[in-house]
Each structure stands twice: as structure tokens, then as C-alpha cells.
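Read off the chains here:
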Amino acid sequence: MTGRPDPAGAAQELVRLVSEHERWRESCLNLVAAENVMSPQAQALLASDLASRYGDYVGRDLAARKYFGTTVMVEIEVLVDELLRMLFDVQFVEARPLSGHVAGVGAVLALTEPGDLVLELDSPGGGHRIAEKLNATHHARLEVLPLPFDPEMYSIDVGRTVELARARRPRMIILGSSLFLFPHPLVELAAALAGQPETLIAYDASHVLGLVAGHRFQDPLREGAALVWASTHKIFPGPPGGLVLTGSQAIMDRVSPAIYPGLVTNHNPGRMPALGVAAAEMLAFGEAYADAIIANAQRLGAEIDARDVPVVGRERGYTSSHTLLLPVAEFGSAREVGERLESAGIISTATRLPPMLGEAGIRLGLQEVTRRGATPEDMPLIADAISDVLTGRQTSETVRGRTRVLAAKLGGIGFCFDSAAAPATS
Ligand SMILES: Cc1ncc(COP(=O)(O)O)c(C=O)c1O
């Protein structure tokens, strides 16, 4: 649209563009490891009257609302809080962060002082790099060092991390990754640093919260993390938002005011019922959901590897999560390869891998297609499509016809109370 838009026409155009986007996405294999689909029930609740209301509350008292008109909202949020505490078996949940990043920023600001040392994964190791990003403002002045990473094991090098932590005594160690194939050695790290109480171990579960909820992958709070923060919309199939979880009153007493009113005033109460429904779904179906995701990811890793496309982590079974990483340097830059996949109807993420893996990487996530009904038997067809595009055996246009058929088969939504079946295909 060029020139000054006619307002009513522009509004109509936006409606049309959204349905175009939805039709196109439904025709693709969505393999972005950071995205998901909500159940129809959760999705519908996002459009309630709550979406345009304020619900600020002061401190940790969910009933201490600044605004009138919030009586039922309090009941809703108390129930959501109960569901989340039950799901994660934790005493304190702060659900007001508007995203995983905001949750992590609140925790880092609350629990460090200017000049403190923070250890976190760097970019090729998959770190979201909250401390480094905070240093982009002149208000936060943290010393940030990368966590020692072992690219062969594709995990944190626990020996070198302990050595560094004992020598430098950081204020915080942030575990967690955007390229999260295998559990971090949290038990070993926590045991080695047990005599060093000034070092807090935090765990960014943004990428694996749905697996943690399903009692798979790892249990960071029981394994030694003092607190967890996470997004609620990646593997956890909720609306966009963030959480902080901890069993420590002292930690929550510091983190909570950093979130509200430090970083968030309107916490967007419209997302809370959908968050509660996602938590209820994970209580009821979380274990089956996590098992199905991991089985699909491991099978797809093996099938892609068998088609002459390298996959990180072969010796360890490719993955213990929803994620697969493909080193693609031999096929082009990560960006070019991602674009070719997109033309073929396969939505992935271009990423940077450690130098010994050739740097150019494609990240795939199996949670969304699993939620839409994919099983290990579907993985050979997905692997064919991916490997045909990467190796150039077939053009993206040719493969596109096959991904449309696959996506049509995966049009339902499962692991929820109102499972939608895939529409019948002709
Ligand atoms: C490990 C990790 N932590 C935090 C975030 C930020 O989460 P959000 O997008 O919810 O702010 C991301 C983002 O993708 C991430 O990968």
C-alpha cells in the first residue's frame, strides 16, 4: 500500500493480511524451535474483555489491585498462580514479565550489583546473553564472561566452569540456551559450588519449559538452580509472556519488585487465562507431549543424518529436547539455506554454531508439528524434504508441493482438552 492510506481500507487490509498469513503458515511445516501453537481454548481466551484491562497489583498480594473492577480478574489470577505452582512444584511464581527476556532482565537486575561478574553462554554456545545485552545500557555495568563450552559434547564444560567459578567467584551463573540439545550439568555444578553461596545459579528454561513441565529433560529447581526464568510461548504452549520460579522467599522478594513496577506496569491480564489453560494442559498431557516431541526430534535427526546432511550430536543421539542443529556450511550461508527452506514451505531458524562446527547452522524444533499430530513415522518424509532442498537434489518449488500435503495432514492440535482434528484433505 503506497501513499496516505484510507483508514477503513487500511483496517480491512490488515484483516486480509492476517488471514493471508494464517493460510500461508498453515500450509508450511513450522519448525522454529522458539514458537508454538496454542490450543483453540487458550487462543480463544486471548480475545476476552481482559485483553484491554489493567490489573496492576502491588508486591506479591494478588488481591492488592490498584484498579477497581478487578474482582473476577483476581480470582482468575489466583487460580493461574495455583496451577503454575502445582505444575512446577514450586513455592513462588512471578507471572507478570511480558516475555522471557523481561523475566531474565528483572532477575539479573535484582540479584546483581554494578561491577559484578556474570557467567553466561556466548552466542555460538546458544546463550541468549541477557547480561551482555543489559550492558548495552550505561546503567548496568556487569562484567560478563562466556561459560566454557564443549562443542564436541554440545554442552557446558563443567570442569572448566567450576575452575573459573572458583577462581573468579561470579555473582551469577546463567545456564540455559537457545540451542538446547542436552541437559546442562547442573547437579555437578551445584555440588561443586555448594561451598560458594555468593554465586547464584540461575537457569533460563525459555527453550525447554514445556519439557520441564512434562518431567523430561531436566528439573532445574531440584538439581540446584536457585531460580528459573522462562518464556511461556516456546515449548510451553502458552501465550507470549515470561515467568520467574523460585523456592526462595528472599530471591522472590528481590526479583518481584524489579519486575513490577521496575520493568512492567500493565502486565497484560488478558494473557493470564490462556496461560492457566496451557498450565492445565501440561498438568494433564505434559508427559505425553514431552515424550512425543523428543521421539520425533530424535527420529528426524537420524533420518536427516542418513540422507547425507550432517546433524550435531550424533554420538549422543542427536538431541534430548525438541531441537536439532544442522551444520550447513557446505550448502551455503545459514541465511541462504534458511531462505531456500522457506521457499519450500519449511520454516526454520538460521543460527551461529561454534567454529569447529562450521558456524553456519540451521535450527529446527519439533514441538509445533508434534502438537499438530506428527509422529516418528512422518519423519522420513520431512527428512526427505529438508535434505532434497539442502543438497539441491530438488528445487524448493518441487519440494513445496510435498510440504503442502504434509502440512495439511498436520492441521490438528493435540495434547489439550479441546483437541482439533486435522481437516480432511482431498
Ligand atoms: C534462551 C532464551 N532466553 C530468553 C529468550 C527471550 O525470550 P522472549 O522472546 O520470551 O523475551 C530467548 C529468546 O528467544 C531465548 O532463546
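Structure: above.
Residues numbered from 1 in each chain as written. Predicted model: local features only at pLDDT ≥ 70, side-chain atom pairs only at ≥ 80, totals over all residues. Heavy atoms only, no water.

> How should I be thinking about the overall build of the chain in this particular structure?
From N to C terminus, the chain includes 15 helices and 14 strands. Relative to the compact-globule value of 22 Å for 426 residues, the chain shows a C-alpha radius of gyration of 22 Å, a close match. When its C-alpha atoms are laid out on the principal axes, the chain stretches across 60 × 55 × 50 Å. Taking all 426 residues of the chain together, 54% fall into the buried category. For the chain, the proportion of contacts with a sequence separation of at least 24, taken over those separated by at least 6, is 75%. By element, 55% of the accessible surface of the chain is carried by carbon and sulfur atoms, the whole surface being about 17,900 Å². Put simply, the chain has 38 plus and 50 minus side-chain charges, and the middle of one group is 3 Å from the middle of the other. (Helix = DSSP H or I, 4+ residues; strand = E, 2+ residues; numbered from the N terminus. Rg over C-alpha atoms; globule rule 2.2 N^0.38 Å. Buried < 20%, exposed > 50% of the residue type's maximum accessible area, 1.4 Å probe, protein only. Contact = heavy atoms within 4.5 Å. Areas by Shrake-Rupley, 256 points an atom, 1.4 Å probe, with all protein chains shown as cover. Lys, Arg positive; Asp, Glu negative; His and termini not counted. Charge placed at Lys NZ, Arg CZ, Asp CG, Glu CD.)

> Explain the sheet that holds strand 13 (residues 349-352) to me, please; I cannot follow it from the model alone.
Two strands in a sheet stick together by hydrogen bonds in their backbones, pointing the same way (parallel) or opposite ways (antiparallel). Spatially, the three strands line up as an open sheet ordered 11-14-13, and their pairing is antiparallel. Of all strands in the sheet, those with a lone pairing partner are strand 11 (323-327) and strand 13, marking the two edges. For this sheet the average axis-to-axis angle between neighbouring strands, irrespective of direction, equals 35 degrees. Relative to strand 14 (residues 360-365), strand 13 runs antiparallel, the two being bridged by four bridges. Across the sheet, residue alanine 350 finds its bridge partner in strand 14, namely isoleucine 362. On the sheet, helix 11 (residues 272-305) packs against strand 11 and strand 14 and is oriented at approximately 20 degrees with respect to strand 11. Along the sheet, helix 12 (residues 334-343) makes contact with strand 13 and strand 14, crossing strand 14 at roughly 40 degrees. (Pairing = 2+ DSSP bridges. Axes fitted to C-alpha atoms, helices over the stretch in contact; angles between N-to-C directions.)

> Explain unusual backbone geometry to me, please; I cannot follow it from the model alone.
Note on backbone geometry: most residues besides glycine have negative phi, and most peptide bonds are trans. The residue after tyrosine 260, namely proline 261, is reached through a cis peptide bond having omega 10 degrees. Looking at the secondary structure, you find proline 261 in helix 10 (residues 249-263). Within the chain, phenylalanine 217 stands out as a residue other than glycine whose phi angle is a positive 70 degrees. For phenylalanine 217, a relative accessible area of 14% gives the class buried. For tyrosine 318, which is not glycine, the phi dihedral falls at a positive 75 degrees.

> Is there a simple way to think about the packing of aromatic side chains in this case?
Two descriptors summarise a pair of aromatic rings, namely the distance from one centre to the other and the angle between the planes of the rings. One pass over the full model with this rule turns up seven aromatic pairs. Ring centres of phenylalanine 149 and tyrosine 154 lie 5.0 Å apart, and the angle between their planes is 85 degrees; on these two criteria the pair is classed as edge-to-face. For the pair phenylalanine 149 and tyrosine 154, one class covers both residues: buried. Note on phenylalanine 285 and phenylalanine 417: the rings are 5.2 Å apart at their centroids and 55 degrees apart in plane angle, and the pair reads as tilted. One end of the pair, phenylalanine 285, is in helix 11; the other, phenylalanine 417, is in the segment after helix 15 (396-409), with 132 residues separating them in the sequence. (Phe/Tyr/Trp six-rings, centres within 6.5 Å; stacked < 30°, edge-to-face > 60°.)

> Would you explain the packing of helix 12 against helix 14 (residues 379-391) in this entry?
For any two helices packed against each other, one specifies the inter-axial angle together with the distance between the axes. Two elements in contact, helix 12 and helix 14, have axes whose closest approach is 10 Å; the angle formed by their N-to-C orientations is 130 degrees. For the element pair helix 12 / helix 14, the angle class is oblique. You can see that helix 12 and helix 14 cross each other, and the crossing is right-handed. Between helix 12 and helix 14, the residues in contact are Val337, Arg340 and Leu341 and Ile386, Val389 and Leu390, respectively. For the contact of helix 12 with helix 14, the per-class residue count stands at five nonpolar, no polar and one charged. (Parallel < 35°, antiparallel > 145°, perpendicular 65-115°, else oblique. Left-handed = near helix turned anticlockwise from the far one by under 90°. Nonpolar A, V, L, I, M, F, W, Y, C, P; charged D, E, K, R; others polar.)

> Whenever I open this one, the sheet that holds strand 10 (residues 242-246) confuses me. Can you help?
Reading across from one edge, 2-10-9-8-7-3-4 is the order of the seven strands in this open sheet, with mixed pairing throughout. The two strands at the open ends of the sheet, each matched to only one other strand, are strand 2 (92-94) and strand 4 (143-146). Adjacent strand axes in the sheet meet at a mean angle of 20 degrees, parallel and antiparallel pairs treated alike. Where strand 3 (residues 117-120) lies against strand 7 (residues 172-175), three bridges are found, and the strand directions are parallel. For valine 118, the partnering residue across the bridge sits in strand 7 and is methionine 172. Here helix 6 (residues 158-168) sits on the sheet and contacts strand 3, strand 4 and strand 7; the angle it forms with strand 4, its principal contact strand, is near 160 degrees.

> Help me out: how do you make sense of the pairing of strand 10 in this one?
Two faces belong to every sheet, and in a regular strand the side chains alternate between them. Buried residues dominate strand 10, accounting for five of its five residues. In strand 10, alternate side chains face the same way, and those of Gly242, Val244 and Thr246 on one face and Leu243 and Leu245 on the other are all buried. Sheet topology note: the strand 2/strand 10 ladder contains three bridges and is antiparallel. Looking at strand 10, one finds that glutamate 94 is bridged to valine 244. Where strand 9 (residues 227-231) lies against strand 10, four bridges are found, and the strand directions are antiparallel. Its bridge partner being in strand 10, alanine 230 is matched across the sheet by leucine 243.

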